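Letter by letter, the chains look like this.
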Amino acid sequence: MNILYVVKTFSVIEPMGLLQLSAIAKTRGHNGFLASIDDSNLEEEIVRNKIDMVAYSFMSTEVKPFLELSKRLRQSFPKIIIVAGGPHPTYYPNIIDDWPIDALVVGEGDLVFNELIENLLAGKDTSHISGVHTKQFKNKPGNLVDDLDTLPFSDRELVRDLAPFKYVRMKSFFATRGCPFNCAYCFNSAYNLMYKGKGKILRRRSVESLVSEIEAVKKNYHTDFIRFGDDTFVMKHDEWVDEFAEKYSARVGLPFYFLINPNLVTEDLVGVLKKAGCHSVMMGIETGNERLRKKILDRYVSNDTMLNAFRVFRDFDIKVFSNTMLGLPDSGLKEDLESLEFTLECKPCYSGFTVFTPFPGTKLHQFSRDHGYLRNDDPSVDFFPVSMQQSSVLAHVTEQQKRMHHNILALAPVANFLPILKNFIVKHLIYWPPNRVFDFSGFIVRNYLNMKIWPFGKSPRTFFIILKKVIRIDRQNFIEKRRKKELRAAGKEVVTAS
């Protein structure tokens with residue numbers, strides 16, 4: 001069987017979920033191809049590679065293009081099999097009733113993927129397969145993958161000859177699955193509930209499995225930086241960490257990046273990871289207001305703990321990329337300004353900001369609906385912006401706040417990078433009307449700092465390929481913002497079918 005895996009767009013980060021599924025399908029002799037809506041002519045790909053099945057993975061921010069693609073492919077290829085998975089199908093599986101697709105998979109699909117695609121192609125019954133939804137039946141998820149070492153290594157051949165992946169010397173890996181935290185804005189809280197009683201939520205590969213995969217990738221692909229994409233790469237300084245530090249530094253020896261919760265940061269842990277090669281981390285601030293962080297976000301981290309965690313990483317010369325959300329439920333301009341000030345006080349290398357989006361399946365999605373912050377009472381027509389750099393979709397957020405959000409997204413990294421400008425930006429510029437000078441300044445600083453967080457080698461060709469991609473994404477965000485503004489000015493509701 002020839003399978004075409006489809007994502008919305010290509011970035012410098014490989015689509016790891018699809019690479020894993022492709023590796024699983026290859027164990028049964030199925031061929032995989034990868035394409036994106038933005039970067040490929042999918043109809044040509046289907047004809048050229050004699051595709052039997054198309055498999056999607058997409059988020060709620062990508063609903064509209066995947067719905068349009070489904071309609072297009074069904075019209076052009078009536079008999080082709082279309083299967084969907086990923087975050088949005090997992091939390092809005094009812095799309096199977098209205099979309100022209102054959103099946104979707106809720107949650108982890110590793111254990112059922114081969115059986116599903118082979119039965120669909122052969123016209124056999126699929127009603128017994130866990131986690132599968134069709135127009136005829138809806139099955140609950142089965143058990144989680146218990147032993148991650150039993151899964152094949154990700155299929156890197158899927159991206160070997162595709163731009164920008166073939167030029168990017170940063171490779172991504174996962175050491176774990178699952179997250180023990182239940183933050184209200186994150187899908188993991190709903191995911192944990194979905195899989196309650198179906199296996200261990202937090203699972204970890206053996207160090208030998210992880211390091212062996214990285215060794216193989218380093219040998220066969222140009223690699224000079226490693227990105228670990230785990231929600232929880234480490235939980236504490238334990239034997240696994242010591243074994244990882246020893247084997248990774250001896251056999252891989254490349255700088256790496258990972259995500260960490262501030263509550264887990266200790267000098268002992270950070271010191272070991274620094275010796276192993278840790279160059280940078282991502283650590284979420286989310287909000288500078290402790291009440292919001294604890295009562296609304298269910299994120300139990302004090303400001304003092306947060307400040308200390310940033311200090312520890314600075315002491316070990318590890319660069320921190322932070323994220324802070326604006327426009328949270330039960331908050332206003334006062335809390336947004338607190339978040340801006342506190343983020344600058346933390347002194348990250350790269351102070352990233354996003355606008356809160358109530359993703360389906362999260363506690364805050366239901367909270368926003370219950371409190372009237374979402375404009376429509378029907379969750380099937382909630383509007384999801386094309387990125388978290390868009391204007392807030394919450395009804396209580398004022399137009400003044402939205403303008404300030406726009407300026408904070410652009411100028412907060414500048415204020416953090418150039419402290420001499422901090423007071424002028426925080427006390428004056430963020431109140432000005434948004435303009436292209438602010439946007440351009442933010443664009444330059446953000447991308448410069450991003451290269452400090454992920455300092456993989458870039459030839460001039462690689463740099464311009466990535467720059468072109470970033471410019472296109474920023475341009476799409478700008479167009480979408482303008483479209484929404486025009487629709488609001490015309491008194492029209494901005495929604496999209498899900």
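Data block above holds the structure.
Residues numbered from 1 in each chain as written. Predicted model: local features only at pLDDT ≥ 70, side-chain atom pairs only at ≥ 80, totals over all residues. Heavy atoms only, no water.

Draft legend 1. The arrangement of the pattern of salt bridges in detail. Inspection of every chain in the model, using the stated rule, returns 27 salt bridges. Ionic pairing is found between Arg-177 and Asp-110, a salt bridge with its closest N-O pair at 2.8 Å. Note that Arg-177 is positioned in strand 8 (residues 176–177) and Asp-110 in the loop between strand 5 (103–105) and helix 5 (113–122), a separation of 67 residues in sequence. By relative accessible area, Asp-110 is classed as buried at 11%. One salt bridge connects Lys-247 with Glu-243, and the closest N-O pair in it is separated by 2.8 Å. Here the residue Lys-247 and the residue Glu-243 both occupy positions in helix 8 (residues 239–251), the gap between them amounting to four residues, near one helical turn. Connected through salt bridges with shared partners, the residues Glu-208, Glu-215, Glu-243, Lys-247 and Arg-251 form a single ionic network. (Salt bridge = Lys/Arg side-chain N within 4 Å of Asp/Glu carboxyl O. Helix = DSSP H or I, 4+ residues; strand = E, 2+ residues; numbered from the N terminus. Buried < 20%, exposed > 50% of the residue type's maximum accessible area, 1.4 Å probe, protein only.)

Draft legend 2. Expanded view of the sheet that holds strand 14 (residues 350–355). If you trace the six strands from one edge of the open sheet to the other, you get 7-10-11-12-13-14, paired in parallel fashion. Each edge of the open sheet carries a strand with a single partner, namely strand 7 (170–173) and strand 14. Between one strand and the next, the sheet's axes are offset by a mean angle of 20 degrees, whatever the strand orientation. Lying on the sheet, helix 14 (residues 399–417) is in contact with strand 13 (319–326) and strand 14; it crosses strand 14 at an angle near 170 degrees. (Pairing = 2+ DSSP bridges. Axes fitted to C-alpha atoms, helices over the stretch in contact; angles between N-to-C directions. Contact = heavy atoms within 4.5 Å.)

Draft legend 3. Focus on helix 3 (residues 63–76). In this model, helix 3 (14 residues) spans 20 Å end to end at C-alpha, consistent with the 20 Å of a helix rising 1.5 Å per residue. Listed as buried for helix 3 are Val-63, Pro-65, Phe-66, Leu-67, Leu-69, Ser-70, Leu-73 and Arg-74. Buried residues in helix 3 make contact with strand 1 (2–7), helix 2 (42–48), strand 3 (53–57), strand 4 (81–85) and helix 4 (87–91). (Expected span 1.5 Å × (residues − 1).)

Draft legend 4. Up close: the sheet that holds strand 2 (residues 31–36). An order of 2-1-3-4-5-6 is seen for the six strands of this open sheet, with the pairing classed as mixed. Sheet topology places strand 2 and strand 6 (132–133) at the edges, where each strand pairs with a single neighbour. Pairing geometry for strand 1 and strand 3, over four bridges, is parallel. Within strand 3, the residue paired with Val-6 across the bridge is Tyr-56. In the packing of helix 1 (residues 16–26) onto the sheet, contacts are made with strand 1, strand 2 and strand 3, and the angle to strand 1 comes to roughly 175 degrees. The sheet strands contacting helix 3 are strand 1, strand 3 and strand 4, and the helix crosses strand 3 at an angle near 175 degrees.

Draft legend 5. Highlighting a negative patch on the surface. Taken together, Glu-239, Asp-242, Glu-246 and Asp-268 make up a surface patch of like negative charges. Here the negative patch takes three residues from helix 8, the largest share from any one element. Judged by relative accessible area, which is 71%, Glu-239 ranks as exposed. (Patch = residues over 30% accessible without salt bridge, like charges linked within 9 Å, V, L, I, M, F, W, Y side chains within 5 Å. Areas by Shrake-Rupley, 256 points an atom, 1.4 Å probe, with all protein chains shown as cover. Lys, Arg positive; Asp, Glu negative; His and termini not counted. Charge placed at Lys NZ, Arg CZ, Asp CG, Glu CD.)

Draft legend 6. Up close: the pairing of strand 4. The buried fraction of strand 4 is high, at five of five residues. Each parallel crossover has a hand, and the one from strand 3 via helix 3 to strand 4 is right-handed. Sheet topology note: the strand 4/strand 5 ladder contains two bridges and is parallel. When the bridges of strand 5 are listed, Ala-84 appears paired with Leu-104. (Right-handed = clockwise from strand over helix to strand, strands pointing away.)

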